[in-house]
Amino acid sequence: MSYDPTFRRDTPLALKLKDRIRREGSLRIGQYVEACLSDAQHGYYVNKTVIGAAGDFVTAPEISQIFGELIGLWAVATWQQMGEPTAFNLVEFGPGRGTLMRDALRAMKVRPKILDALQIVLLDTSAPLKDSQWLALSDFKGPVSWPGKLVYAEHSELPAIFIGNEFLDTEPIEQFVRLQIGWAARTVGLDESGALAFGTDLPCDTAVAARLDAQFATAALGDICEIYSLNHDVVTALLQLPQQMAALLIDYGHLQSQPGDTLQAIRAHKFEHPLTSPGEADLTAQVDFEQIIQSFTTPNTAIDGPLTQGEFLGRLGIIERASKLMSANPGQAGDIEASVARLMSPSGMGSRFKVIGIRSATLPKLPGF
């Protein structure tokens, strides 16, 4: 990555974090990430329109309408597996500009009854994106709610289908370093010049160290390892519903736990050091799907996958859908083909992104798996 790893910008949040560190001491990595993304005054998701050419990154629904349409058809098939409930919640974690949900609803018209049954719930912390979401869904005549945070409990009386595309990677991680004295938490503090800098804390307690030893048995001295601490409300939403539940989660990451520092920052479509622009760059980490699956495995749930995004979209019929779209729009055939290739490329999104399904144990295997 071509950036200066020593460069730091005194953003408003950087100044606030420096004051906090002077008062309270170094921050754990999870605390730093949470502040950068969600600080009430200067958090990245609180104040920025982050997606698209004018933002910092582009997601699959923005690349091709086919992505959202296939997710919509997946939702129809899942609803049918659930017995076609006459009322259910269609919930999206981190809905961005509403593009995926808009395209999904258009495809769901193949089964009009589902549009009468569903209620849309958008779980997000980004106030600037709400207007875009409202505009994207303006043609939908059913109920749409914005709780304004990642809390679902007040809607849990109905069966639910959850969708989360590039949501898991926004969940804070904790990082640990294997040292001679044992495992130590990685932190963000201040160096001698007063700039934000990475450091380490005291050795971990025995319970955390035992988990790290088990999860990362091959870690060598000096290796950085990452532990997910999923938002409690997200786990509750998926695991403690009294009604039937199915979820589709898509993100970039690796299938097995392995040592490595995957924390990264992106601003204006370019990578930069995670400490460079607090509050003004997107901070993410690769998703460790082995840990995610462990978090969601209970006697009442079943896990489908993981599959690569390319394999999953192929099973949902992306090539056939693209061919029909190109035939209907010959002038755009080149663009359609290029966008599908971007989603499916084995050297790009097609293999880097993985897909898992989570469902009530009483449901059959979800479509596409």
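The structure we're discussing is the one just above.
Here we summarise the structure given alongside this text.

Rules of the game
- Residues numbered from 1 in each chain as written.
- Predicted model: local features only at pLDDT ≥ 70, side-chain atom pairs only at ≥ 80, totals over all residues.
- Heavy atoms only, no water.
- Buried < 20%, exposed > 50% of the residue type's maximum accessible area, 1.4 Å probe, protein only.
- Helix = DSSP H or I, 4+ residues; strand = E, 2+ residues; numbered from the N terminus.
- Arc of directions from axis to C-beta.
- Polar contact = N/O pair within 3.5 Å; in protein donor to acceptor, adjacent residues only side chain to side chain.
- 1 Å grid on protein atoms, 1.4 Å probe; cavity = no way out; pocket = protein on both sides within 12 Å on 5 of 7 lines; lining within 4 Å.
- Points joined across faces, edges and corners; volume = space filled by probe spheres on them.
- Nonpolar A, V, L, I, M, F, W, Y, C, P; charged D, E, K, R; others polar.
- Salt bridge = Lys/Arg side-chain N within 4 Å of Asp/Glu carboxyl O.

1. Side note on helix H11 (residues 289–296)
For an α-helix the count is 3.6 residues per turn, leaving residues at separations of three or four pointing the same way.
Okay, step 1: Listing the buried residues of H11 in full gives Phe289, Gln291, Ile292 and Phe296. Around the axis of H11, the buried residues are gathered within 155° of arc, so they sit on the same side.
Okay, step 2: Structurally, the start of H11 carries an N-cap: the backbone nitrogen of glutamate 290 is 3.1 Å from a side-chain oxygen of aspartate 288.

2. Quick look at the layout of surface pockets
Okay, step 1: Roughly 250 Å³ of volume is contained in the second largest pocket.
Okay, step 2: Taken together, Arg102, Leu105, Arg106, Lys109, Leu115, Ala136, Leu137, Ser138, Asp139, Phe140, Lys141 and Gly142 form the lining of the second largest pocket.
Okay, step 3: No other element matches the three residues that helix H6 (residues 99–107) contributes to the lining of the second largest pocket.
Okay, step 4: For the lining of the second largest pocket, the residue count by class is five nonpolar, two polar and five charged.

3. Description of the pattern of salt bridges
Okay, step 1: One pass over the full model with this rule turns up 19 salt bridges.
Okay, step 2: Among the salt bridges present, the one from glutamate 24 reaches arginine 23, with a minimum N-O distance of 3.8 Å. Per residue, the accessibility class of glutamate 24 equals that of arginine 23, and both read exposed.
Okay, step 3: Close ionic contact of aspartate 103 with arginine 106 constitutes a salt bridge, the shortest N to O distance being 2.9 Å. Here arginine 106 and aspartate 103 lie together in helix H6, a separation of three residues that amounts to about one turn.
Okay, step 4: Judged by relative accessible area, aspartate 103 falls into the buried class, the value being 1%.
Okay, step 5: When salt bridges that share partners are traced, they join Glu69, Arg102, Asp103, Arg106 and Arg321 into one network.

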